[in-house]
Amino acid sequence: MYLGKVIGTVVCERKYEGLEGQRLLVVQPLDGRREPSGPPEVAVDTVSASPGSLVYLVGSREAALAVNAEQPPPVDSAIVGLVDSVDLSR
Amino acid sequence: MNLCQVLGTVTATHKHPAFAGRRMMVVQPLDEARQPAGKSFLAVDERSQSGPGDLVLVLREGNGVRQLLGDRTLPIRSLIVAVVDAVDV
C-alpha cells in the first residue's frame, strides 16, 4: 500500500461492466514522507475522496478485491483510506 | 520478505472495512547494511505491535497475506510479519 494525493477526476462513457458506477480519480503516488513517487495514476475511489485529499491506496489484484471481491473488476489501483494524519518519529 | 524500519503510523477514520481495527504503518526498506533502499511505503501491522524505529520483516504479497489472515477477500498487500532482533550478514 502507499500514500497518494488526489489531483483530479476522470470520466469515461464506454467501459467494461465492472467499471460502471465507479468513481475514477487521478492520484499522485507519494512515499511515506509525502514526496511524489513516480507518475500519476488513475484509481477507483472506495472512500469518497476528492481532489486535494490525502489518501492511501492498494494496487494490483488487491485493488480489484477492494472494489468488488466477488466479481473483481478490471482495476489495478484503488483508494482505500482517507488519511487524517501521518505521524513520523523522525 | 523485505527488511524494513518502521517510520511511523497513518491514521484514517474513513477507510475500506478491511482496514478497520488494523494499524497502518509507514515503513522504509533497508539494505543489508541497514541503509535506506528504495521508497518508503505502507504496511499493515496486525499483531506484531511494532513501533517507530523497530526493524521488521514485511511480506509484500497479497495472497500470502490472505492465507495468513484467513480471509480470501482481503485487499491487503503488505503485512508486518516479524519484529527483527538481529541480522548477521
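Data block above holds the structure.
Everything numeric in this text was worked out from a predicted model, so none of it was measured.

Caption draft 1: Structural view of the overall build of chain B. The helix and strand inventory of chain B stands at one helix and six strands. In sequence order, the secondary structure elements of chain B are arranged as β-β-β-β-β-α-β. For chain B, whose C-alpha radius of gyration is 13 Å, the value lies close to the compact-globule estimate of 12 Å for 89 residues. Considering only C-alpha atoms, chain B reaches an extent of 40 × 25 × 20 Å along its principal axes. When burial is assessed residue by residue, chain B has 38% of its 89 residues classed as buried. Long-range pairs, those at least 24 residues apart, make up 52% of the contacts in chain B with a sequence separation of at least 6.

Caption draft 2: Examining the overall build of chain A more closely. A count of helical and extended segments in chain A gives one helix and six strands. Mapped from its N terminus to its C terminus, chain A presents α and β elements in the order β-β-β-β-α-β-β. Compactness check: chain A gives a C-alpha radius of gyration of 13 Å against a globular reference of 12 Å for 90 residues, within 12% of the reference. Put simply, of all contacts in chain A between residues at least 6 apart along the chain, 53% involve residues at least 24 apart.

Caption draft 3: Looking closely at the interface of chain B and chain A. On the chain A side, the residues contacting the 27 residues of chain B number 29 residues. Counting only elements with at least two residues in the side of chain B that touches chain A, the list comes to strand E1 (2–11), strand E2 (14–15), strand E3 (23–29) and strand E4 (41–45) of chain B. Examining the composition of the side of chain B that touches chain A, we find that five residues originate from one element, E1 of chain B, more than from any other. Taken together, the residues that form the side of chain B that touches chain A break down as twelve nonpolar, twelve polar and three charged. Bridge count between strand E6 (residues 85–88) of chain A and E1 of chain B: four bridges; the pairing is antiparallel. Of the residues in E1 of chain B, the one forming a bridge with aspartate 87 of chain A is threonine 9 of chain B.

Caption draft 4: Inspection of the pairing of strand E1 (residues 2–10) of chain A at higher detail. Residue and element names in this part refer to chain A. The pairing of E1 with strand E4 (residues 54–59) spans four bridges and is classified as antiparallel. Residue pairing for E4: lysine 5 is matched across the bridge by leucine 54. In the sheet, E1 pairs with strand E2 (residues 23–30) via seven bridges, with the strands oriented antiparallel. Looking at E2, one finds that threonine 9 is bridged to leucine 25.

Caption draft 5: Here's a closer look at the environment of valine 56 of chain B. Residue and element names in this part refer to chain B. With respect to the helices and strands, valine 56 occurs in strand E5 (residues 55–59). Remark: the alpha-carbon pair of valine 56 and serine 78, spanning 22 residues in sequence, is separated by 12 Å. Discounting residues that sit within four places of it in the chain, valine 56 has contacts with Cys4, Val6, Val27, Ser48, Ser50, Ile80, Ala82, Val83 and Val84.

Caption draft 6: Fine view of unusual backbone geometry. Of note, serine 60 of chain A is a non-glycine position whose phi angle comes to about 65 degrees, a positive value. As for its placement among the helices and strands, serine 60 of chain A is situated in the loop between E4 and helix H1 (61–67). The partly exposed category is assigned to serine 60 of chain A, around which 15 C-beta atoms lie within 10 Å. In this structure, glutamine 49 of chain B takes a positive phi of about 50 degrees despite not being glycine. Structurally, glutamine 49 of chain B can be placed in the loop between E4 and E5. Among the residues examined, glutamine 49 of chain B registers 10 C-beta atoms within 10 Å and is labelled exposed.

Caption draft 7: View of the nonpolar core. By size, the foremost hydrophobic cluster in this structure holds 49 residues, and its most contacted members are Tyr56, Leu57, Ala78 and Ile79 of chain A together with Val27, Leu42 and Ala43 of chain B. Residue contributions to this core peak at five residues, all from H1 of chain A.

Caption draft 8: Geometry of helix H1 (residues 62–69) of chain B. All buried positions along H1 of chain B are accounted for by Gly62, Val65 and Arg66 of chain B. Looking down the long axis of H1 of chain B, one finds its buried residues gathered within 100 degrees of arc, a one-sided arrangement. Away from its buried face, by an angle of more than 90 degrees, H1 of chain B presents the exposed residues Asn63 and Gln67 of chain B. Where H1 of chain B is buried, its residues touch H1 of chain A together with E5 and strand E6 (79–83) of chain B. Positive backbone phi, at 70 degrees, marks glycine 70 of chain B, one or two positions downstream of H1 of chain B.

Rules of the game
- Positions within a chain are numbered from 1, following the residues in the order the chain's sequence is written.
- Here chains are named by letter from A upward and ligands by number from 1 upward, in the order in which they appear as written.
- This being a predicted model, a pLDDT of at least 70 is required before a residue's local features are given, and a value of 80 or more before pairs of side-chain atoms are given or counted; all residues contribute to the totals for chains, interfaces and linings.
- A helix here means a DSSP run of H or I that spans at least four residues, while a strand means a run of E at least two residues long, and both kinds are numbered starting from the N terminus.
- Atoms considered for the radius of gyration are the C-alpha atoms alone. The globule rule reads 2.2 Å times the number of residues to the power 0.38.
- Comment: burial labels come from other C-beta atoms within 10 Å of the residue's own C-beta, placed from the backbone, where a count of 20 or more is buried, 12 or fewer is exposed, and between is partly exposed.
- Residue pairs are scored as contacts if the distance between their C-beta atoms, which are placed from the backbone, is within 7 Å.
- The residue classification treats Ala, Val, Leu, Ile, Met, Phe, Trp, Tyr, Cys and Pro as nonpolar and Asp, Glu, Lys and Arg as charged. All others, Gly included, are polar.
- Note on pairing: two strands pair once DSSP finds at least 2 bridges between them.
- For the purposes of this analysis, a nonpolar core is taken to be any set of buried Ala, Val, Leu, Ile, Met, Phe, Trp, Tyr and Cys residues that are connected through C-beta atoms within 7 Å.
- An arc is given here, and it is the one of the directions from the helix axis to the C-beta atoms.

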